[in-house]
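A structural walkthrough
Here are the chains, one letter per residue:
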Amino acid sequence: MPLYEYRCTDCCQSFEVLQSMGEGSDGIVCPQCDGNKIERQLSTFAGMSSSGSTTSQSAGCSSPFT
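Presented here is an overview of the structure given in this document. (Residues numbered from 1 in each chain as written. Predicted model: local features only at pLDDT ≥ 70, side-chain atom pairs only at ≥ 80, totals over all residues. Heavy atoms only, no water.)

From N to C terminus, the protein includes one helix and three strands. The helix and strand sequence of the protein, counted from the amino end, reads β-β-β-α. Scored against the burial criterion, the 66 residues of the protein give a buried share of 17%. Taking all contacts inside the protein whose residues are at least 6 apart in sequence as the whole, residues at least 24 apart take part in 24%. When the accessible surface of the protein is split by element, carbon and sulfur atoms take 51% of a total near 5,100 Å². (Helix = DSSP H or I, 4+ residues; strand = E, 2+ residues; numbered from the N terminus. Buried < 20%, exposed > 50% of the residue type's maximum accessible area, 1.4 Å probe, protein only. Contact = heavy atoms within 4.5 Å. Areas by Shrake-Rupley, 256 points an atom, 1.4 Å probe, with all protein chains shown as cover.)

Right under this line is the structure:
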């Protein structure tokens, strides 16, 4: 099961939910304010650029391979 990132539009809290692929956000509530106005966030895979090569800049750390 993939881990999806959400953001509450009421309190701006970001949180993650483990759920089946294709499952919607129905029934998911913010863990901080119990609000149901949430948005799924676009996740980026740390360390990957658009060309598919790894970069230490996008991951925010130094790479042992450079």
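What follows picks up the thread again.
A word on the sheet that holds strand β3 (residues 38-40). Reading across from one edge, β2-β1-β3 is the order of the three strands in this open sheet, with antiparallel pairing throughout. Of all strands in the sheet, those with a lone pairing partner are β2 (14-18) and β3, marking the two edges. Neighbouring strand axes in the sheet, compared pairwise and without regard to direction, differ in orientation by 35° on average. Pairing analysis gives five bridges linking strand β1 (residues 3-8) to β2, with the strands arranged antiparallel. Following the sheet pairing, Leu3 is matched in β2 by Leu18. (Pairing = 2+ DSSP bridges. Axes fitted to C-alpha atoms, helices over the stretch in contact; angles between N-to-C directions.)

Looking now at the nonpolar core. Among the nonpolar cores identified, the biggest contains eight residues, and these are Tyr4, Tyr6, Cys8, Phe15, Val17, Ile28, Cys30 and Ile38. Counting residues per element, the ones that place at least two in this core are β1 and β2. Among the elements that make up this core, the one with the highest residue count is β1 (three residues). With sequence-adjacent residues up to four places away left out, Tyr6 is seen in contact with Gln13, Ser14, Phe15, Val17, Gln19, Gly24, Ser25, Ile28, Ile38, Glu39, Arg40 and Gln41. (Core = buried A, V, L, I, M, F, W, Y, C linked by side-chain atoms within 4.5 Å.)

Taken together, Met1, Leu3 and Leu18 make up a surface patch of nonpolar side chains, about 360 Å² in accessible area. One can find Leu3 in strand β1. Its relative accessible area of 49% is what places Leu3 among the partly exposed residues. (Patch = residues over 30% accessible without salt bridge, like charges linked within 9 Å, V, L, I, M, F, W, Y side chains within 5 Å. Salt bridge = Lys/Arg side-chain N within 4 Å of Asp/Glu carboxyl O.)

Let us now look at unusual backbone geometry. For Cys12, which is not glycine, the phi dihedral falls at a positive 70°. Here Cys12 is to be found in the loop between β1 and β2. We note that Asp34 has phi near 60°; this positive angle belongs to a residue other than glycine. Looking at the element boundaries, Asp34 is found in the loop between β2 and β3.

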